[in-house]
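Understanding the architecture of this molecule
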Amino acid sequence: MDQFTLNLLFVGASFALYIGIAVWARAGSTSEFYAAGRGVHPVTNGMATAADWMSAASFISMAGLIAFTGYDNSSFLMGWTGGYVLLALLLAPYLRKFGKFTVSEFIGERFYSKTARMVAVICLLVASITYVIGQMQGVGIAFGRFLEIDAFWGLLIGACVVFAYAVFGGMKGVTYTQVAQYCVLITAYTIPAVFISLQLTGNPIPALGLFGATESGEPLLAKLNQIVTDLGFAEYTAAHGSTINMVLFTLSLMIGTAGLPHVIMRFFTVPRVSDARWSAGWTLVFIALLYLTAPAVGAMARLNISELMWPNGTSGEAVSLEQIESDPDYAWMATWQKTGLLGWEDKNGDGKIQYYNDANEDLQAKAAENGWEGNELTNFNRDILVLANPEIASLPGWVIGLVAAGGLAAALSTAAGLLLAISSAVSHDLLKGQLTPNMSEKSELMAARISMAVAIVVAVTLGLNPPGFAAQTVALAFGLAAASIFPALMMGIFSTRINNVGAVAGMLAGLAVTLLYIFLHKGWFFIPDTNSFTDADPLLGPVKSTSFGAIGAMVNFAVAFIVSGMTRETPQEIKDLVQSVRVPRGAGTAVEGH
Amino acid sequence: MSQDTDKNAYWSANVRLILISLAIWALVSFGFGIILRPLLSGIAVGGTDLGFWFAQQGSIIIFLILIFFYAWRMNKLDREHGVDEE
């Protein structure tokens, strides 16, 4: 059986499983559609939340970004896990006690204002749609690879599949499907990592292999540092970027995680307040299984690629074109070339492909000496690394098929969760809550599905010209959530002083300033060439657009406090509401808002 | 009235616990992983230094411990102050 058929088989079988579960657990009423009837155990909920949360960015993109940058991209690892500490300590139990379905319902009631609820819906939509763009990129790459077509067509086909899949059911269908997706994606991520770790270090646990030694007794990371510096690239384990930017970037990802509506919504679906606390922990357990493996995947893949391009060592001859075309160890290069995400060119016509950093002065001298005319591995999209990893390490065909299925599971589960958050914001908060309160359940469900379709079309259109690699696009979405939603939720629980005007002003200020900073650097509405600055040379010293969310959040807090201080005090009944949210006793099942 | 004072005591115990947990949270990630990394550079771990380990693995492990510790401690606190769910 050839690789193409094998991939189709794995992807097809996993899809049949998800759709089967979705049909079996189909949502009947609106309450089931949004919150799965609240019968979800913390461990099950944790596993589903982990699948919901770990997206194309975590599965497909993150290890690739770490592989090519090393230590500096540790922010993704700390940021996307550290947010769960904030969620568990500052938000989850209180929002569960409050007992409504959506984040904006809480904001609307706590700040006793329809305007606040509207503003929250807008913030939520902006962050979620940006997030979906990143997911669509990942979907495009995964479909492009396994159908062996251009990533553009992969994106269009993927969008149709995501849509068909997301309208099938609500949260309940999604919860059990996501448990299945978690199992598929974690197996797909771990198995190749175990193989590669065994090959390189003899240790079956990749997380330990990363700090282990290679066959020669030299530590893996020391060997990697040596090879990449020989080729003129920055040392893998050393810090190169600005410390301030790294701190702000990590903080943005953390706060953003705790402010993402589709993640927070998950904690409304556990039976009790104490379960909401446990549930955040279980979610992180299942996420950590992937996140502890990811840095090993990145480092080991970088080592494998470097050694493949320089089979005789960095001081020997580079790999020849003939070998790339004929040697089965290099077959992955030809398959990935078809997606347009990998490319090479024999610039100096010596029949060999030299891969090195041609911006490095030492290497320029070496190049002049040897007649090289620039780096010849001309295109290596970071986002392909994880999917290509098993092929790069020459693992068996079934592992490659499994990874394709895993990548799609990751992208699909998150896209579905986000679409659910978007559709509930539009149909439940915007239409039913504000514009047409007398809407029937049936037309509410219809509106939910139409808004999903619109969101996908917008995401695909913007996803054709993405503002960065998948994980970077997703990082922008986190910045937006960090600057708008999280501060409002936290102040709503921990301060009785913040009033309606303060909260609205804070959210608007945080969202506006962050959006402005992102558009100035990434182009207005992500349209290329409309930017005034670049992330290589940002407006505010070292602060890149992906790191601005933390500053946006501080602006939000400051504005809310100042404005609240100047306006009328919070009424007594709202103070009582805050007091009741703070204690678990009396938590009923959630009721539908109006 | 006594019920109110007890609720206040419960809430300040909770806030204290949150502050301690967040201090550890910040120390392992922003501290050991980023800002204080140069101070830890003398401690070698598998071909690199302890700060690198904290940035790529250590902080995640500590985060996990923190969340489970908080959940356990708070659920106990709920019962002690009689505010748990029956």
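Since we're looking at a predicted model, the values are computed, not measured. (Residues numbered from 1 in each chain as written. Chains lettered and ligands numbered in written order. Predicted model: local features only at pLDDT ≥ 70, side-chain atom pairs only at ≥ 80, totals over all residues.)

Looking at the overall build of chain A
Worth spelling out the cut-off: Helix and strand assignments come from DSSP, with helices taken as H or I runs of at least 4 residues and strands as E runs of at least 2, each series counted from the N terminus. The quantity called the radius of gyration is restricted to C-alpha atoms. Its globule counterpart is 2.2 Å times the number of residues to the power 0.38. A residue is called partly exposed when the number of other C-beta atoms within 10 Å of its own lies between 12 and 20, exposed at 12 or fewer, and buried at 20 or more, with C-beta atoms placed from the backbone. Throughout, a pair of residues is in contact if the C-beta atoms placed from their backbones lie within 7 Å.
Scanning chain A from N- to C-terminus turns up 25 helices and four strands. Here chain A has a C-alpha radius of gyration of 24 Å; the compact-globule value for 594 residues is 25 Å, and the two agree. If one aligns the C-alpha atoms of chain A with their principal axes, the spans along those axes are about 80 × 50 × 45 Å. Within chain A, the proportion of its 594 residues that are buried is 59%. Put simply, of all contacts in chain A between residues at least 6 apart along the chain, 81% involve residues at least 24 apart.

Side note on the nonpolar core
All names here are of chain A. We apply this condition: As used here, a nonpolar core is made of buried Ala, Val, Leu, Ile, Met, Phe, Trp, Tyr and Cys residues. They are joined through C-beta atoms within 7 Å.
One finds Ala120 and Leu185 to be the most contacted residues of the largest nonpolar core, which totals 227 residues. Examining the composition of this core, we find that 21 residues originate from one element, helix H20 (residues 397-435), more than from any other. Residue contacts for Ala120: discarding those within four places in its chain leaves Val103, Ser104, Ile107, Ile485, Ala488 and Met507.

Observations regarding the interface of chain A and chain B
Just so we agree on the cut-off: Residues are grouped as follows: Ala, Val, Leu, Ile, Met, Phe, Trp, Tyr, Cys and Pro are nonpolar; Asp, Glu, Lys and Arg are charged; every other residue, Gly included, is polar.
Taken residue by residue, the interface counts 41 residues in chain A and 37 residues in chain B. Of all the elements in the fold, those that place two or more residues in the side of chain A that touches chain B are helix H5 (74-98), helix H11 (220-230), helix H12 (243-259) and helix H14 (273-291) of chain A. No other element matches the 10 residues that H14 of chain A contributes to the side of chain A that touches chain B. Residue composition of the side of chain A that touches chain B, by class: 28 nonpolar, nine polar and four charged.

Here we look at the environment of Asp346 of chain A
All names here are of chain A. Mapped onto the secondary structure, Asp346 falls in the loop between strand S2 (342-343) and strand S3 (352-353). Judged by the 15 C-beta atoms lying within 10 Å of it, Asp346 is partly exposed. On a C-alpha basis, the gap between Asp346 and Asn375 in space is 9.1 Å, while along the polypeptide they are 29 residues apart. Excluding its chain neighbours within four sequence positions, the residues that come into contact with Asp346 are Leu321, Gly351, Ile353 and Glu376.

With respect to the packing of helix H4 (residues 56-69) of chain A against helix H22 (residues 470-494) of chain A
All names here are of chain A. Note the threshold: Simply put, an axis is a line fit to the C-alpha atoms, just over the touching stretch for a helix, and the angle between two N-to-C directions goes from 0 to 180 degrees.
Axis separation between H4 and H22 bottoms out at 8 Å; the angle between their running directions is 115 degrees. Where H4 abuts H22, its residues Ala56, Ala57, Ile60, Ser61, Met62 and Leu65 lie against Ala470, Ala471 and Val474. Its residues placed into classes, the contact of H4 with H22 shows eight nonpolar, one polar and no charged.

Topic: the environment of Gly502 of chain A
Residues and elements named next belong to chain A. Its location among the elements puts Gly502 in helix H23 (residues 500-522). Here Gly502 falls in the buried class, since 25 other C-beta atoms lie within 10 Å of it. Counting along the chain gives 54 residues from Gly502 to Asn556, while the straight-line C-alpha distance between them is 9.3 Å. In contact with Gly502, other than residues within four places in its own chain, are Ala560, Phe561, Val563, Ser564 and Thr567.

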